[in-house]
Amino acid sequence: MKYFTRRLKALHHIPDFNHHPKCANMQIIQLGFADDLLLFCMGDIGSIKLLYNCFLEFSKASGLEINKKKSSIFFGGVSHDMQEDILEFLGIQKGEFPVRYMGVPLISNRVSLVQCQSLIDKLVGRITSWTAKLLSYVGRLQLIKSVLFSIQTYWSQIFMLPKKITKLIEAICRSFLWTRDNNISKKALLAWEKVCQPRSAGGFNVMDIGLWNKAAISKQFCNICKEKNKLWIQWVHCYYIKNKHIWEVQLNQASWIMRKIVKAKENFEAAGYNYEDLRQMHDFSIKHIDHKLRGDFSKVSWRKLVCNNAGCPRWIFMLTLVANGRLYTKDRLLKWGIETDQRCLVCTQANESIQHLFFECQYAAELWKRMLKWQGISRNIYGWSEELKWVEN
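Since the structure is predicted, the reported quantities are computational estimates derived from the model, not experimental observations.

Draft legend 1. Main features of the layout of surface pockets. The space that makes up the second largest pocket amounts to roughly 690 Å³. M160, K163, T166, G210 and K214 are the residues nearest the centre of the second largest pocket, which is lined by 25 residues in total. For the lining of the second largest pocket, the elements supplying multiple residues, two or more each, are α6 (163-179), α7 (192-195), α8 (209-226), α10 (256-262) and α11 (265-270). Counting residues per element, the lining of the second largest pocket draws most heavily on α6, which supplies six residues. For the lining of the second largest pocket, a count of residues per class yields ten nonpolar, four polar and eleven charged.

Okay, here's the thing in structure tokens:
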């Protein structure tokens, strides 16, 4: 490949060769990654022939030949007649954007729902697998926090996902958590906004996809401000920044992705940072910016029960639901319009509620008495709110 690179550099000195308009200033002709090769030039037959002949010389020297069935040529601002001449000369198929590369679509416009369908399909595929259907509440929560969100984080560091996509992903995860199904449903024991809050605020510390996406894109803006040794950053400065102050640049003619990256300065401002603070950052942390964008939450009084609890994760999950008053008790089912016998199935003496189920039921009261005696605690049994206050102290 070094020989091929030297041959391409020789094209700079040939008057008949014309660079691509967005590559001329930096004299970029090729980009390579692994076994993929991208070549750029002006869309005229003369430049195409010079570039193609250069590649043929490399093929004779190395024995590597182009696979025309797997290769494509993409045009921009080239007349139809010129395109026909070039395609006839090369014998390569014409490509159309968007195309998929490294798992994501290559586009210049706003990413659409159709282009994100593969991302949605991956999420649904993990949920509909037979192993996922056997998970408990806390198992599904862990799957969402680890596997499902890790699928979309790769996309989130490249694109600003549309709100429709983030809402759809959240709806899929919400339905899977509470109903064990991929069919979107509004049935939920706890609002998704509450689920995304930290444990100290009474939530389950699930990632907020929209905010995390903003924090991830902010890393690209930080790189443009601080890094100058990467080719793509040099290209951005050459064609868009143009020695202007990055904090004051406004891109109106750039691609949708570039506009979103430059607009990420608003995320730093929302997090309480200015340009000097950004310059002094030694290590950029997406997690840190995400926390700053989330802001502060009012902590619940019973946070010590779930934050410093070494018990089984399933117990802690149920404890959080009970402390938020979100169990499927019969009094709550009645509020949802579900008619059922309201009596407690254990004692059949009173209507079922969280207060009755855990403390007022004679069987639950007897269990509490024996547990307190076993622990050497001599006191009366209180209600749910009083018991929480007792544990906090």
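From this point, things continue past the structure.
Draft legend 2. Layout of the pattern of salt bridges. Considering all chains together, one arrives at five salt bridges under this definition. For D341, the salt bridge is made with R343, and the minimal N-O distance between the two is 3.3 Å. Classification of R343 as partly exposed rests on a relative accessible area of 45%. Taking the shortest distance from any N to any O, the salt bridge between E387 and R379 comes out at 2.8 Å.

Draft legend 3. A look at helix α13 (residues 286-294). For α13, the complete set of buried residues consists of I286, I289, D290, L293 and R294. Buried residues along α13 cover an arc of 140° about the axis, so they all sit on one side. Of the surrounding secondary structure, the elements contacted by the buried residues of α13 are α8 and α11. Directly after α13, the chain includes G295, whose backbone phi takes a positive value near 80°.

Draft legend 4. The arrangement of the packing of helix α5 (residues 137-156) against helix α15 (residues 313-323) in detail. Where α5 meets α15, the axes come as close as 8 Å, and the angle between the chain directions of the two elements is 95°. What the angle tells us is that α5 and α15 run roughly perpendicular. Residue-level contacts link Y137, V138 and L141 of α5 to P313, R314 and F317 of α15. Per-class residue counts for the contact of α5 with α15 are five nonpolar, no polar and one charged.

Draft legend 5. Region of interest: the pairing of strand β1 (residues 30-33). Looking at chain direction, β1 and strand β2 (residues 36-39) are connected through four bridges and run antiparallel. By the bridge assignment, Q30 is partnered in β2 with L39. Where β1 folds back onto β2 in an antiparallel hairpin, the turn is made up of two residues, including A34, whose phi is positive at roughly 55°.

Draft legend 6. View of the side chain of N267. Within the secondary structure, N267 is located in helix α11. When sequence neighbours within four positions are dropped, the list of residues in contact with N267 reads K214, S218 and L293.

Draft legend 7. Broad picture of the state of the cysteines. Using the criterion set out here, one finds zero disulfides in the structure. Left without a disulfide partner, C23 is nearest to the cysteine sulfur of C41, which lies 9.7 Å away. Sulfur of C361: no disulfide; nearest cysteine sulfur belongs to C347 and is 3.8 Å away. Owing to a relative accessible area of 2%, C361 belongs among the buried residues under this scheme.

Conventions we followed
Residues numbered from 1 in each chain as written. Predicted model: local features only at pLDDT ≥ 70, side-chain atom pairs only at ≥ 80, totals over all residues. Heavy atoms only, no water. 1 Å grid on protein atoms, 1.4 Å probe; cavity = no way out; pocket = protein on both sides within 12 Å on 5 of 7 lines; lining within 4 Å. Points joined across faces, edges and corners; volume = space filled by probe spheres on them. Helix = DSSP H or I, 4+ residues; strand = E, 2+ residues; numbered from the N terminus. Nonpolar A, V, L, I, M, F, W, Y, C, P; charged D, E, K, R; others polar. Salt bridge = Lys/Arg side-chain N within 4 Å of Asp/Glu carboxyl O. Buried < 20%, exposed > 50% of the residue type's maximum accessible area, 1.4 Å probe, protein only. Arc of directions from axis to C-beta. Contact = heavy atoms within 4.5 Å. Axes fitted to C-alpha atoms, helices over the stretch in contact; angles between N-to-C directions. Parallel < 35°, antiparallel > 145°, perpendicular 65-115°, else oblique. Pairing = 2+ DSSP bridges. Disulfide = S-S within 2.5 Å.

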